[in-house]
Amino acid sequence: MATLDAKIPEGPIKDKWTNHKNKINLVNPANKRLIDIIVVGTGLAGGSASASLAEMGYNVKAFCFQDSPRRAHSIAAQGGINAAKNYQNDGDSIYRLFYDTVKGGDYRAREANVYRLAEVSGNIIDQCVAQGVPFAREYGGLLDNRSFGGVLVSRTFYAKGQTGQQLLLGAYSAMNRQIGKGKIKMYNRHEMLELVKVDGKARGIIARNLVTGEIERHSAHAVVLASGGYGNVFFLSTNAMGSNVTAAWRAHKKGAYFANPCYTQIHPTCIPRSGDYQSKLTLMSESLRNDGRIWVPKHMDDVHAIREGKLKPTQIAEENRDYYLERRYPAFGNLVPRDVASRAAKERCDAGYGVNKTGEAVYLDFSTAIMRYGKEKALVEGEKNASEARIRELGEIVIESKYGNLFQMYEKIVDENPYKTPMMIYPAVHYTMGGIWVDYNLMTTVPGCYAAGEANFSDHGANRLGASALMQGLADGYFVLPYTIGDYLSNDIRTGEIPTNTPEFDEAEKAVKDRINGFMNIKGTKSVDYFHKRLGLVMWNKVGMSRNEQGLKEAMQEIRQIREEFRKDVLIPGSANEMNPELEKALRVDDFLELGELFAKDALERTESCGGHFREESVELDGPQEGEAKRDDKNFAYVAAWEWTGDPGESIVHKEQLEFNDIELKQRSYK
Amino acid sequence: MSNSGLLKSSVARKVAMALSAFFLMIFLLQHFAINITSVFSAGTFNELSHFMGTSAVVQYVFQPILIFGVIFHFVMGFILEIKNRQSREVRYVKYKGGASASWMSRNMILSGLVILAFLGLHFYDFWIPEIKIKFIEGDWTGALTEGGEPIRYFHHLRHKFEDPIRVAIYCVSFVLLALHLLHGFNSAFQSVGANNKYTKALQKFGVAYAILIPLGFVFIALFHHLNH
Amino acid sequence: MKVTLKVWRQKSASDKGKIETYKLDNVSEHMSFLEMMDVLNEQLIGEGKVPVAFDHDCREGICGMCSMHINGEPHGPDRGVTTCQLHMRMFNDGDTIYIEPFRAKGFPVIKDLVVDRTAFDRIQHAGGFVSVPTSGNTQDANAIPIPKPDADKAFDAAACIGCGACVAACKNASAMLFVSAKVSQFSLLPQGKVEAKRRVLHMVEQMDKEGFGNCSNTGACEVECPKGISLENIARMNREYLKASLSSSE
């Protein structure tokens, strides 16, 4: 079994990045003009990378499947972005952010990468402010911060509940500047369908023009994949409908190892499913758990009465409610990390206490907070003898000022007023920590092919903390990749433009065309969504929040079967030479059907529980942590990087041993 | 680029439209102020009319500017309307404009055309006879009688408003003018970029202006019709 | 509930296109409008027909991709929502619903309900940015305090999702609300003020080139905007433009 070289620089952790930057090769400005770089995806990572690389002088070709780079799914991030600025003087530091991130990731992230992330986090905020990102401010005119789950300091910068949107628009504006100058050539409505390798190096891509259906060849000296995560393998997730694994998976099949596919974050506060037609799930910001109390009824009779509509949740007396998070985790209560909160909700619903028709929902109740804030406000306003109704009214005003937009969103979707009746929530797939394996330079195992943002695996270990995804995407794109890519490209200054009329491009284009024609000619009987939904169901039931050996083995088998059926019986209307959304979906689902099996295989081999990956076989059997997830550092403190061999079930694992020199491995306890 | 932009850009056209509108609204106010005197005192009205009709500054400076302003406002209005129609080549099968914008704002061209037609009648009634007397016959004396018969200004006014059909046309036109102003007044301020803490108060003033001035003209017409 | 759909079908940009009628029998009031469209498409695929192409992505009202003109209004009859956030409970059993693409010369139809909104991107290329390097070695984020009201107003303008509902709703197909939101965001912040004149001149010039109509202040854009972008931004842009064209040396 080969070992992977992560190329972590020598020296103490706090000097690694500086030393590395000082030592790596650079490309001089005149020569950068001779070098082309392809960037696939225009979210925070891809957008910021495109802008930075173009600004440095490289010729960038940027691709996105949406109609504009501004619509990449980074835009949907709500809560905020972390940075170790310590503006609040609450003891924050680069080390503390580094420590929190490694601990939050359940000690399955690479120390050196995380430290670098924490190190550049402050620059991100400087950069964004300079670009005109309108972060929230205090009356003194300085930046405001809020705190987020899993940490003890206030280091999250935000722009109302639309931080991702504002940061993405910032990166997009930086791109616009370069597009205007001709340094970025933008390919909207294009989807990468193949990575092209020449002499073992990534030298281009084959992309489909989604408007005309044309198959196009694009060459470059390096290819950056910033195509996001693969949560849509579950069909239902908080990802955008178009989010897909295709770019990453195509690179994987061309030799890029895929790391830790089983690390998936299931977010506890999403709006529950309402029916079979459901197309996606909507996230409600984690910040709601600051004031909401999560509960289900204590007695089964009440559960039945609620489901039948005979009883309203507000009619259930306090003593008949089970505030299960407060019961199980008295120290952290409703503020336990995402993975713990999600599993606890599933546990109650599996035991039959779910409160909606599907049996998959728990209550998130603001009435206590409303009364508490109401009393405070009544005192502040000098209303000493305020009636209960008045207190409630004042409390609702406070809650509205904090979460108004979220409450409104909930009401639009569910048609219930969350000020008057508890919200219903249920966990949903949200983020994938796993991704393409990269070294310290963000290069994959294919020379010249890089991965950034959610598409790579490197910084969040087995669980991501809130407000860290935005940080990582922008850190990779603005401050890491633009330096490290030069080290590789310095050997390419004399290469000249990569021709696209070579056998390698011929072959890759033919493979894509054959694949598309193959799908068009199946002319089966079932739609793409039919198969995607089946895949999602298997993933959710057997590779979801809690996993066991038997289920995972079954899942691998079932996914394989669905894949075979899909390739025999899918029906794609229309033709390949036009805009054809069904064909687009088919190509993506085909890749999901391979990834899903590898996903289950990875989960099967990792017999420990860590972060978002929970194996029922690996729990604490006694002591104060009884029943909680049990990590196995002795046997599993490694990154599982999978090599494609032609069949996802036969992939070969390569292990990168994780070394923790600056942080002591401890059990995460929230009791 | 700024020079050509100032003449041709969409923003500049709006501003030009607004500036001509301001001028016309001020003119309208002045016109109203003089006309309303006819209700109280024929003498005052005649004096003011004579001054306006014979002052060189009014006749040779303001009158041409006014005519230019009117022509500019409606020509520009037509140009914008045509351009705006061109900016949506394929129309909607179903378009619910009323759901999001007032009737007035969507039909400025319609109310404008009615006002334009009215101006034709109004010129025929009052302006052309005056032009004839002064510029063709060369009579700048302002004599109120001809052969002992009163002919001009107040008398002329009374005479014209005898006809109920004419009065009705005038009244309808003033209603359309009110509708035009109900959108136009505040639209002009928005176009020149006035939007601040005074905007709310200004909007209320605009509504009052748009209703009261045309209503006043209607009152004058009806007053003379009924007091004949 | 049952609904009758009158959907604009157009094979390609060069096709003439026409309204087709479809009937759906099994619509739940809890469905989002786009989920109802998914059901329609599944039905069409089952009948061996080509499904309706429409733009959509995040389905939570923030990406700005969805763009349907429903019963005569962009994003349908509800207020403050995008098409993907519109729910079938806004309609009644037996309703006939017209579904058309956003229409404007600046937004040519690509297929069925999908339109090309890259005009918006080109307007932004013309000046929708602050010319700072992405090095991160700019000054500290707190070096210039920004009054909270300015920062809040800049945010309100920046909340625009670029969906194009303003253009679709406007009887003149004017893009002023979109452009003014971008101009306003930057002109309200000290970082953006430096090149404010250049920005507004260039962006307006590009907007005019794209064939959008003139603003006649009907206010339809503000009413139909899913993010409640204010007309105040248009006034601010007019002001900025006047100032810039009278004083700019360009």
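For every chain, the first residue of the written sequence is number 1, and numbering continues from 1 onward in sequence order. Chain letters and ligand numbers both follow the written order, the letters beginning at A and the numbers at 1. Selection of residues for local features in this predicted model requires a pLDDT of at least 70, selection of side-chain atom pairs for listing and counting requires 80 or more, and totals for whole chains, interfaces and linings are taken over all residues.

**What to know about the overall build of chain A**
Counting its regular elements, chain A contains 18 helices and 19 strands. In terms of its C-alpha atoms, chain A occupies a principal-axis envelope of roughly 80 × 60 × 50 Å. Per-residue burial for chain A yields a buried fraction of 60% across its 671 residues. Strands here are runs of E lasting at least two residues and helices are runs of H or I lasting at least four, both read from the DSSP assignment and numbered beginning at the N terminus. Whether a residue is buried, exposed or partly exposed is read from the other C-beta atoms within 10 Å of its own C-beta, which are placed from the backbone; 20 or more gives buried, 12 or fewer gives exposed, and intermediate counts give partly exposed.

**Some remarks on the overall build of chain B**
Check the secondary structure of chain B and you find nine helices and two strands. Scanning chain B from its N terminus toward the C terminus, one meets helices and strands in the order α-α-α-α-α-α-β-β-α-α-α. In chain B, which comprises 228 residues, the proportion classed as buried is 25%. For the purpose of contact definition, each residue receives a C-beta atom placed from its backbone, and two residues are in contact when these atoms lie within 7 Å. Long-range contacts, defined as pairs at least 24 residues apart, comprise 82% of the intrachain contacts of chain B with a sequence gap of at least 6.

**Observations concerning unusual backbone geometry**
Although it is not a glycine, N89 of chain A adopts a positive phi angle of roughly 55°. Take N89 of chain A: it is sitting in the loop between β3 (81–82) and α4 (94–104). For H75 of chain C, which is not a glycine, the phi torsion comes out positive at approximately 60°. Take H75 of chain C: it is sitting in the loop between β4 (73–74) and β5 (96–101). With 28 C-beta atoms packed within 10 Å, H75 of chain C lands in the buried category.

**Points about the packing of helix α15 (residues 528–542) of chain A against helix α17 (residues 581–605) of chain A**
Residues and elements named next belong to chain A. Interaxial angle, 0 to 180 degrees, is taken between N-to-C directions of lines fitted to C-alpha atoms, where a helix line uses only the stretch in contact. As a packed pair, α15 and α17 sit with axes 10 Å apart at the nearest point and diverge in direction by 25°. Taken together, the axis directions place α15 and α17 in an arrangement best described as roughly parallel. Between α15 and α17 lies a crossing of left-handed hand. Contacts between α15 and α17 pair V528, F531, H532, L535 and M539 from the former with E582, K585, A586, V589, F592, L593 and G596 from the latter. As a working rule, the residues Ala, Val, Leu, Ile, Met, Phe, Trp, Tyr, Cys and Pro are called nonpolar, Asp, Glu, Lys and Arg charged, and the rest polar, with Gly in that last group. Across the contact of α15 with α17, the residue classes break down as eight nonpolar, two polar and two charged. Here is the rule for angles: anything less than 35 degrees is roughly parallel, anything more than 145 is roughly antiparallel, 65 through 115 is roughly perpendicular, and the remaining ranges are oblique. Note on convention: near helix rotated counterclockwise from far helix by under a right angle means a left-handed crossing. Clockwise means right-handed.

**Let's talk about the interface of chain C and chain B**
Contact residues are listed per partner, giving 42 residues for chain C and 37 residues for chain B. Counting residues per element, the ones that place at least two in the side of chain C that touches chain B are β5, α7 (196–209), α8 (220–224) and α9 (232–247) of chain C. Broken down by element, the residue count for the side of chain C that touches chain B peaks at nine residues, all from α9 of chain C. For the side of chain C that touches chain B, the class distribution of residues is 16 nonpolar, 14 polar and 12 charged.

**Some remarks on the nonpolar core**
Of all hydrophobic cores here, the largest spans 323 residues; its most connected members are V224, L225, V362, I436 and Y450 of chain A. Non-local contacts of I436 of chain A, meaning those with residues more than four positions away in its chain, are made with L225, A248, A251, H252, A256, F258, A259, T444, A451, A455, N456 and F457 of chain A. Here a nonpolar core is just a set of buried residues of the types Ala, Val, Leu, Ile, Met, Phe, Trp, Tyr and Cys, joined wherever their C-beta atoms sit within 7 Å.

**Considering helix α2 (residues 10–40) of chain B**
Compared with the 45 Å implied by 1.5 Å per residue over 31 residues, the 46 Å span of α2 of chain B between its first and last C-alpha is a close match. Along α2 of chain B, the residues that are buried comprise S10, V11, K14, V15, M17, A18, S20, A21 and S38 of chain B. Expected helix span is given by 1.5 Å per residue-to-residue step, counting one fewer step than there are residues.

**Details of the interface of chain A and chain C**
Tallying the contact residues gives 66 residues for chain A and 66 residues for chain C. Elements represented by at least two residues in the side of chain A that touches chain C include exactly α3 (44–56), α5 (111–130), α6 (163–180), α13 (469–489) and α17 of chain A. Sort the elements by how many residues they give to the side of chain A that touches chain C and α6 of chain A lands first, with nine residues. Its residues assigned to classes, the side of chain A that touches chain C shows 25 nonpolar, 26 polar and 15 charged.

**Remarks on the sheet that holds β5 of chain C**
All names here are of chain C. Only when DSSP finds a minimum of two bridges between them are two strands counted as paired. Taken in spatial order, the five strands line up as β2-β1-β5-β3-β4 in an open sheet, and their pairing is mixed. Edge strands, defined here as strands with exactly one partner in the open sheet, are β2 (18–24) and β4. Where strand β1 (residues 3–9) meets β5, four bridges bridge the pair, whose relative direction is parallel. Following the sheet pairing, L5 is matched in β5 by I97.

**A closer look at the confidence of the model for chain B**
A residue's pLDDT is the confidence the predictor assigns to it, expressed on a 0 to 100 scale. The predicted model of chain B averages 92 in pLDDT, with 97% of residues at 70 or higher. Of the two predicted TM-score estimates for the complex, the pTM is 0.95 and the ipTM is 0.97.

**Quick look at the packing of α2 of chain B against α9 of chain C**
For the pair α2 of chain B and α9 of chain C, interaxial distance at closest approach is 10 Å and the crossing angle is 100°. Here α2 of chain B is positioned roughly perpendicular relative to α9 of chain C, judged by the angle of their axes. Across the interface between the two elements, V11, K14 and V15 of chain B of α2 of chain B pack against N238, Y241 and L242 of chain C of α9 of chain C.

**Describing the domain arrangement of chain A**
All names here are of chain A. Boundaries between domains were set according to an automatic or database domain assignment. Split by domain assignment, chain A resolves into domain 1 (269–428) and domain 2 (503–637). A straight line from the C-alpha centre of domain 1 to that of domain 2 covers 33 Å. With five residues of domain 1 in contact, the opposing surface of domain 2 contributes five residues. Taken together, the residues that form the side of domain 1 that touches domain 2 break down as one nonpolar, one polar and three charged.

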